[in-house]
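# Working through the structure, step by step
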Amino acid sequence: MKKLIILLVIGAFVAPLFAQSVSDENSSKMYYQTVSVERVYPTRRGYIVQYYRGGIRDFGIISIPNEWFTDAAGKAELVTLPPGRNWPTLTIFYKDGEFSHIRLYVHRNKKHQTWGNVPLPADVSRYFEDVDNPKINF
């Protein structure tokens, strides 16, 4: 019994030495940026997201087309938050310095103050002109 315990202890110390290591060649450089969202405006073309850039009333705008949400491995994901005090956020993921995908965390209740409305005759096409490589501006 003592020999078994000694072997298990030695095995616990030796096993990590043979664990798989990740080389720099196989690893990817993945990073993300997260910002707090002031308001989300759903439109027929997609979502227009107004986010905080740093100051109290300093906002930035980013657009997410509806097509990005439809593919199985799409570029965007809409995640609804459970009821509570969680404020919506926007996270942009980059892989090797290139845009990978977006996650928009929102309140599930569309009557919440963070959901906005765009008047029907408004032309929102200018927000969806250059959306291939979105960037968060601070």
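All chains use their own residue numbering, which begins from 1 and follows the written sequence. Since the coordinates come from a predicted model, pLDDT governs what is reported: local features require at least 70, and pairs of side-chain atoms require 80 or more to be given and counted, while whole-chain, interface and lining totals use all residues. Only hydrogens and water are removed before side-chain values are computed, so all heavy atoms of the structure are retained for them.

## Some words on the nonpolar core
The line we're drawing: Only buried Ala, Val, Leu, Ile, Met, Phe, Trp, Tyr and Cys residues count toward a nonpolar core, and they belong to the same one when joined by side-chain atoms within 4.5 Å. Here the term buried applies to any residue with accessible area under 20% of the maximum for its type, exposed to any over 50%, and partly exposed to those in between, with areas from a 1.4 Å probe on protein chains only. We call two residues in contact whenever any of their non-hydrogen atoms come within 4.5 Å of each other.
Formed by 23 residues in total, the largest nonpolar core has its most connected members in Ile 64, Leu 90 and Leu 104. The contact partners of Leu 104, leaving out residues within four places of it in the chain, are Val 37, Val 40, Val 49, Ile 64, Glu 77, Leu 78, Val 79, Thr 89 and Leu 90.

## Digging into the sheet that holds strand β3 (residues 59-65)
We count it as follows: In this analysis, strands are considered paired if DSSP registers two or more bridges between them. Numbering of helices and strands runs from the N terminus; a helix is a DSSP stretch of H or I covering at least four residues, while a strand is a stretch of E covering at least two. To obtain each axis, a line is fitted to C-alpha atoms, and for helices this fit is confined to the stretch in contact; angles are then taken between N-to-C directions over 0 to 180 degrees.
With respect to topology, 6 strands assemble into an open sheet ordered β3-β2-β1-β5-β6-β4, the strand pairing being mixed. Only two strands of the sheet have a single neighbouring strand rather than two, namely β3 and β4 (76-81). The average angle at which neighbouring strand axes cross in this sheet is 35°, direction not considered. Here strand β1 (residues 30-42) runs beside strand β5 (residues 89-95); their pairing, made up of 7 bridges, is antiparallel. When the sheet's bridge partners are listed, Ser 36 is paired in β5 with Thr 89.

## Quick notes on the packing of aromatic side chains
The geometry of an aromatic ring pair is captured by the separation of the ring centres together with the interplanar angle, meaning the angle of the planes. To keep it simple, the criterion reads: Working definition: a ring pair exists when centres of Phe, Tyr or Trp rings (six-membered ring for Trp) sit within 6.5 Å. Plane angles under 30 degrees give stacked, over 60 give edge-to-face, the rest tilted.
The final tally for this structure, using the stated rule, is 6 aromatic pairs. A ring pair is formed by Tyr 31 and Tyr 94, whose centres lie 5.2 Å apart and whose planes are at 25°; its orientation type is stacked. One end of the pair, Tyr 31, is in strand β1; the other, Tyr 94, is in strand β5, and 63 residues separate them in sequence. Judged by relative accessible area, Tyr 94 falls into the buried class, the value being 6%. Plain terms: the ring middles of Tyr 32 and Phe 93 are 5.9 Å apart, the flat faces sit at 45° to each other, and that makes the pair tilted.

## Notes on the pairing of strand β6 (residues 98-107)
By the bridge criterion, 6 bridges tie β4 to β6 in an arrangement that is parallel. Residue pairing for β6: Leu 81 is matched across the bridge by His 107. Relative to β6, β5 is paired through 7 bridges, and the arrangement is antiparallel. What sits directly across from Lys 95, in β6, is Glu 98. Here β5 hands over to β6 after 2 residues, with Asp 96 in that stretch at a positive phi of 55°.

## Examining the environment of Phe 69
Among the structural elements, Phe 69 can be located in helix α2 (residues 67-70). Owing to a relative accessible area of 24%, Phe 69 belongs among the partly exposed residues under this scheme. Separated by 23 residues in the primary sequence, Phe 69 and Gly 46 place their C-alpha atoms 9.2 Å from one another. Residues in contact with Phe 69, not counting those within four places in the same chain, are Tyr 47, Ile 64, Ala 76, Glu 77 and Leu 78.

## Points about the pattern of salt bridges
Going by this rule: A carboxyl oxygen of Asp or Glu within 4 Å of a side-chain nitrogen of Lys or Arg is what we treat as a salt bridge.
Inspection of the entire model under this criterion finds 3 salt bridges. Residue Asp 58 is joined to Arg 53 by a salt bridge in which the shortest nitrogen-to-oxygen separation is 3.2 Å. Between Arg 103 and Glu 77 there is a salt bridge, and its shortest N-O distance comes to 2.8 Å. A residue pair is termed long-range when its members are at least 10 positions apart, and Arg 103 in strand β6 and Glu 77 in strand β4 qualify at 26 residues. Judged by relative accessible area, which is 27%, Arg 103 ranks as partly exposed. Judged by relative accessible area, Glu 77 falls into the partly exposed class, the value being 37%.

All quantities given are derived from atomic positions and should not be read as evidence of function.
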